[in-house]
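Architecture and fold: a report
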Amino acid sequence: MIVRGLATGDIQDDNLKSVIRSEVKVGMCHGLIFGMVCGLIILTIAKTLLDSNPMLGLSVGLGIVLAVSMAAFIGSLTPWVFKKLDIDPAISTGPVVTTINDIAGLFIYLMTTSLVFSLI
């Protein structure tokens, strides 16, 4: 959405903040939905089939919420940064956003799990 908006001129510096805010809100909603669904599934599996700690569901759910929210922010901001650097956002954004989201997501999952399990 951001790349297309920058290319067509629909997104300018004056409305960029509201567009990014909107994209992050949508990302947070997706994260909450996916996090709750996956967290409940993992909680159920951990309790019934694996005889594991049910906090695993909380850890996975919270990690998904944070990772998807961060991915929405990174995916919204990166095309604008490339445009400011006079690099074509359409070519550069995909690989860079994917790589950053993979690294940030893994870091978020590991830190969330570490935090959740350190509290019990």
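Residues numbered from 1 in each chain as written. Predicted model: local features only at pLDDT ≥ 70, side-chain atom pairs only at ≥ 80, totals over all residues. Heavy atoms only, no water.

Along its length, the chain carries four helices and zero strands. Counted from the first residue to the last, the chain has its helices and strands arranged as α-α-α-α. The C-alpha atoms of the chain give 17 Å as radius of gyration, which overshoots the globular expectation for 120 residues (14 Å, by more than 25%). Dimensions of the chain along its principal axes, counting C-alpha atoms only, are 55 × 20 × 20 Å. The buried share of the chain, taken over its 120 residues, is 30%. Sequence-distant contacts, at least 24 apart, represent 68% of the contacts inside the chain between residues at least 6 apart. In the structure as shown, the chain presents an accessible area of about 7,700 Å², 72% of it carried by carbon and sulfur atoms. Positive and negative side-chain charges in the chain, numbering 7 and 8 respectively, have mean positions lying 8 Å apart. (Helix = DSSP H or I, 4+ residues; strand = E, 2+ residues; numbered from the N terminus. Rg over C-alpha atoms; globule rule 2.2 N^0.38 Å. Buried < 20%, exposed > 50% of the residue type's maximum accessible area, 1.4 Å probe, protein only. Contact = heavy atoms within 4.5 Å. Areas by Shrake-Rupley, 256 points an atom, 1.4 Å probe, with all protein chains shown as cover. Lys, Arg positive; Asp, Glu negative; His and termini not counted. Charge placed at Lys NZ, Arg CZ, Asp CG, Glu CD.)

Turning next to helix α4 (residues 89–118). A rise of 1.5 Å per residue sets the reference length of α4, with its 30 residues, at 44 Å; its end C-alpha atoms lie 41 Å apart and thus fit the reference within 8%. Those residues of α4 not exposed but buried are Pro 89, Ser 92, Thr 93, Val 97, Ala 104, Gly 105, Ile 108, Thr 112 and Val 116. Two to three positions downstream of the cap, the backbone nitrogen of Ala 90 sits 3.2 Å from a side-chain oxygen, assigning the N-cap of α4 to Asp 88. (Expected span 1.5 Å × (residues − 1). Polar contact = N/O pair within 3.5 Å; in protein donor to acceptor, adjacent residues only side chain to side chain.)

Here we come to the pattern of salt bridges. Tallied over the full model, the rule gives one salt bridge. Salt-bridge contacts for Lys 84 lead to Asp 13; the nearest nitrogen and oxygen are separated by 2.7 Å. Here Lys 84, found in helix α3 (residues 55–84), pairs with Asp 13, found in the loop between α1 (2–8) and α2 (16–48); they are 71 residues apart in sequence, far enough to count as distant. (Salt bridge = Lys/Arg side-chain N within 4 Å of Asp/Glu carboxyl O.)

This part takes up the side chain of Thr 93. Here Thr 93 is to be found in helix α4. Aside from chain neighbours lying at most four places away, what touches Thr 93 is Val 3, Pro 79, Phe 82 and Thr 98.

Looking now at the environment of Leu 110. The topology assignment puts Leu 110 in helix α4. In this structure Leu 110 comes out as exposed when scored by relative accessible area, which is 54%. Each C-alpha atom, one on Leu 110 and one on Ile 91, is 30 Å from the other, the two residues being 19 residues apart in sequence.

What follows is about the environment of Val 19. Tracing the chain through its elements places Val 19 in helix α2. A residue is classified by how much of its surface remains accessible, and Val 19, at 19% relative accessible area, is buried. Taking the C-alpha atoms as reference points, Val 19 and Ile 103, 84 residues apart in sequence, are found 24 Å from one another. With residues up to four places along the chain from it excluded, the contact list for Val 19 reads Ile 2 and Ile 11.

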